[in-house]
Amino acid sequence: MTRQTRRLLTAALMLAACWPAPARAQVDEYGVKAAFVRNFIAFVEWPPARMAGTDPLQLCIFNSSPITQKLTTLNIDAVKGHRVQVHAITAIPDVGTCHVVFVPTSERAQLAEINSRYKGSGLLTISEEATDRSGAVINMYLAGNKMTFDVDLAAADSLSVRV
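Residues numbered from 1 in each chain as written. Predicted model: local features only at pLDDT ≥ 70, side-chain atom pairs only at ≥ 80, totals over all residues. Heavy atoms only, no water.

Q: When you look at the pattern of salt bridges in this model, what are you seeing that I'm missing?
A: Oppositely charged side chains can pair when the atoms bearing their charge come close. Under the counting rule described, the total for this entry stands at five salt bridges. Measuring nitrogen to oxygen at the nearest pair gives 2.8 Å for the salt bridge that ties Lys 33 to Glu 29. Placement of the pair is Lys 33 and Glu 29 together in helix H2 (residues 29-41), with a separation of four residues, close to one helical turn. Residue class for Lys 33 comes out buried when judged on its relative accessible area of 2%. Put simply, Lys 33 and Glu 128 hold a salt bridge, and the shortest N to O gap is 2.6 Å. Of the two residues, Lys 33 sits in helix H2 while Glu 128 sits in the loop between strand E4 (124-127) and strand E5 (138-143), which places them 95 residues apart along the sequence. For Glu 128, a relative accessible area of 6% corresponds to the buried category. Through salt bridges with shared partners, one network takes in Glu 29, Lys 33 and Glu 128. (Salt bridge = Lys/Arg side-chain N within 4 Å of Asp/Glu carboxyl O. Helix = DSSP H or I, 4+ residues; strand = E, 2+ residues; numbered from the N terminus. Buried < 20%, exposed > 50% of the residue type's maximum accessible area, 1.4 Å probe, protein only.)

Laid out in structure tokens, this is it:
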């Protein structure tokens with residue numbers, strides 16, 4: 001190997017060592033949360049009167065959240081014979097039409113009123129707050145780089161759902 005070839009090879013290796021490594025693929029946080037929501041609802045039991053007939057299961061997102069688009073494009077199978085409809089709601093009185101309500105971090109202050117107003121109604125509440133266990137039946141959040149969740153059985157009992 002000639003001196004010039006060694007220099008070119010050394011320069012190429014040095015350049016390659018300085019080249020930034022490709023970034024790890026970013027996890028789509030709300031895509032993962034949407035998948036969790038889809039899976040949660042399969043393990044919930046609503047009062048029989050709340051899930052009568054073949055009416056659709058209403059999955060609501062309270063005000064705006066990036067999860068709305070993810071849930072509307074996610075293929076959610078029927079749950080216990082009820083097809084799932086996803087839609088956004090903007091007012092607490094609208095929660096009464098829902099079987100499931102996702103309350104984003106930006107709206108967590110509304111969760112206490114939702115829980116109080118719909119106590120015993122067969123409503124599954126889901127939130128996404130890591131530090132404030134605000135009374136949702138299911139609270140999911142990122143812990144480091146992993147999605148995790150807590151289930152508040154007292155909140156589930158208060159809202160008449162079984163997880």
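Q: When you look at the packing of aromatic side chains in this model, what are you seeing that I'm missing?
A: Both the distance between ring centres and the angle between the ring planes are used here to describe each pair of aromatic rings. Applying the stated rule across the entire model yields three aromatic pairs. Geometrically, the ring pair formed by Phe 40 and Phe 149 is edge-to-face, given 5.0 Å between the ring centres and 70° between the ring planes. Linking Phe 40 in helix H2 with Phe 149 in strand E6 (residues 146-151), this pair joins segments that are 109 residues apart in sequence. Taken together, Phe 36, Phe 40 and Phe 149 form an aromatic cluster joined through their ring pairs. Its end group placed over the ring of Tyr 30, Lys 33 keeps NZ or CZ at 4.8 Å from the ring centre. (Phe/Tyr/Trp six-rings, centres within 6.5 Å; stacked < 30°, edge-to-face > 60°. Lys NZ or Arg CZ within 6 Å of the ring centre and 35° of its normal.)

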